[in-house]
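Geometric and topological summary
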Amino acid sequence: MTNYPQINLSEWTQVGEGYNGQAFVSAAHPGMLLKIVRSDMGSAEKVEQEFYAAQTAFRIGLPTPKMYEIVRDGNDHGYLCEIIEGKKSFARLCADLPEHIAEYANKMAQLGKELHQTTIEENNYVVPMKRLLLNALKTSPIVSEVQRELLTKVAESMPETQYCLHGDFQPGNIIVAKGQHYWIDLGWLSQGYYMMDLAHLYKMMVEDSILPAVQNLTHMSREQMLDFWSEFAKAYTGNTNVEALNQELHPYAALDLVRSFYLHPTKNPVLLGYMKARIEDELRDIK
């Protein structure tokens, strides 16, 4: 394991705080943003995953901030990346300007389709989604044996592609500054079937939008998230029958839950119960 350089936080000023860490800037390091990841998410392995996946995305020409260096603050790790001045996420813009939700949903659909038509080669940090899902399903404790068998068949039927998947495909992970759009938080970047990205967005904006924590994360109300999804789905597919897409996405949403637990396992009984109940609901009408 690399012994990454210790950062001197006295040189930096905190400018933001998210679910897993903090962001800092420094006059001594112009053009750079320092992100320190806290708690179990701040392990070297997990920060390396996010850093090198994002570096891969930048190298193939995806619009994303440039990654510079992995650093640490004590036992917590982080990285230095390009700072995007004056940025706002699509989620924040939708919350601040709800009358423009359709505009930003349509733009995300356009950018998403471009992303899902961009090829990316496999490496240690960008793996095929299909392989990841099949590995996760083998031992996942959040599915029954019947569910495991059903979901394995769904995963096995997914097309083999080298197209990009963001992995955390949602409006908080697209930012805009001076008319330029960037993908951020690419730690779950992979290659595979675009329906997995759509399922992640659907699950967040429709099913999980009842949760206050998700509303806080997106800065959006449940009604705004539902509106965003409806506009996005119509723009992405060119079909006004959003409910048909919702039904088609249910097994992929269940797979997304299995993947989420596999990448970030938890022993929290409330969260485990919620995930199991969600999987049961997703598969209720699927034979």
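Before reading on, note that the structure itself is shown above.
Worth saying up front: this structure is predicted, and the values here are computed from it rather than measured.

1. A closer look at the packing of helix α3 (residues 101-115) against helix α8 (residues 222-237)
At their nearest, the axes of α3 and α8 sit 8 Å apart, and the two run at 45° to each other. With respect to α8, the axis of α3 lies oblique. In terms of crossing hand, the pair formed by α3 and α8 is right-handed. Listed contacts from α8 to Ile101, Ala102, Tyr104, Ala105, Asn106, Met108, Ala109, Gly112 and Lys113 of α3 are Gln224, Asp227, Phe228, Glu231, Phe232, Ala235 and Tyr236. Residues belonging to the contact of α3 with α8 are distributed by class as follows: 10 nonpolar, three polar and three charged.

2. Some remarks on the packing of aromatic side chains
Going through the model one piece at a time under the given rule, you end up with 12 aromatic pairs. A ring pair is formed by Tyr194 and Tyr236, whose centres lie 5.9 Å apart and whose planes are at 25°; its orientation type is stacked. Here the residue Tyr194 occupies a position in the loop between β10 (190-191) and α6 (195-207), and Tyr236 occupies one in helix α8, the gap between them amounting to 42 residues. Judged by its relative accessible area of 33%, Tyr194 falls in the partly exposed class. Taking the relative accessible area as the measure of exposure, Tyr236 reaches 10% and is therefore buried. What links up through ring pairs into an aromatic cluster is the set Phe169, Trp183, Tyr193, Tyr194, Tyr202, Trp229, Phe232, Tyr236 and Tyr252. Across from the ring centre of Tyr236, 5.9 Å away, lies the NZ or CZ of Lys113, which sits over that ring.

3. With respect to α8
The end-to-end C-alpha distance of α8 is 22 Å, a good match for the 22 Å that 16 residues give at a rise of 1.5 Å each. Buried within α8 we find Gln224, Met225, Phe228, Trp229, Phe232, Ala233 and Tyr236. Taken around the axis of α8, the buried residues stretch over an arc of 160°, which confines them to a single face. In the core, the buried residues of α8 are packed alongside α2 (90-96), α3, α6, α7 (212-218) and α9 (242-263). Downstream of α8 by a residue or two, Gly238 has a phi angle that is positive, lying close to 75°.

What counts and what doesn't
- Chains are numbered independently. Their residues run from 1 in the order of the written sequence.
- Owing to the predicted nature of the model, reporting of local features is limited to residues with pLDDT of at least 70; listing and counting of side-chain atom pairs is limited to 80 or more, with chain, interface and lining totals taken over all residues.
- Excluding hydrogens and water, the side-chain values take into account all heavy atoms of the structure.
- Every axis corresponds to a line fitted to the C-alpha atoms, with the helix fit spanning only the stretch in contact, and the corresponding angles, defined between N-to-C directions, vary from 0 to 180 degrees.
- Only runs of H or I of at least four residues qualify as helices and only runs of E of at least two qualify as strands under DSSP, and these elements are numbered from the N terminus.
- Note that the term roughly parallel is reserved for angles under 35 degrees, roughly antiparallel for angles over 145, roughly perpendicular for angles of 65 to 115, and oblique for everything else.
- The sense of a crossing depends on the near helix, which, turned anticlockwise from the far helix by less than a right angle, makes the crossing left-handed and, turned clockwise, makes it right-handed.
- Residue contacts are defined here by distance: any two heavy atoms, one from each residue, within 4.5 Å place the two residues in contact.
- Residue type decides the class: Asp, Glu, Lys and Arg count as charged, Ala, Val, Leu, Ile, Met, Phe, Trp, Tyr, Cys and Pro as nonpolar, and the leftover types, Gly among them, as polar.
- Only centres within 6.5 Å qualify two rings of Phe, Tyr or Trp (six-membered ring in Trp) as a pair; their planes then separate them into stacked at under 30 degrees, edge-to-face at over 60, and tilted for everything else.
- Categorising residues by exposure relies on relative accessible area from a 1.4 Å probe, with only protein chains included: less than 20% of the type maximum marks a residue as buried, more than 50% marks it as exposed, and the intermediate range marks it as partly exposed.
- Two thresholds decide whether a charge sits over a ring: the Lys NZ or Arg CZ must be within 6 Å of the ring centre and within 35 degrees of the ring normal.
- Given a helix with a known number of residues, its expected span is that number minus one, times 1.5 Å.
- The reported arc concerns the directions from the helix axis to the C-beta atoms and nothing else.

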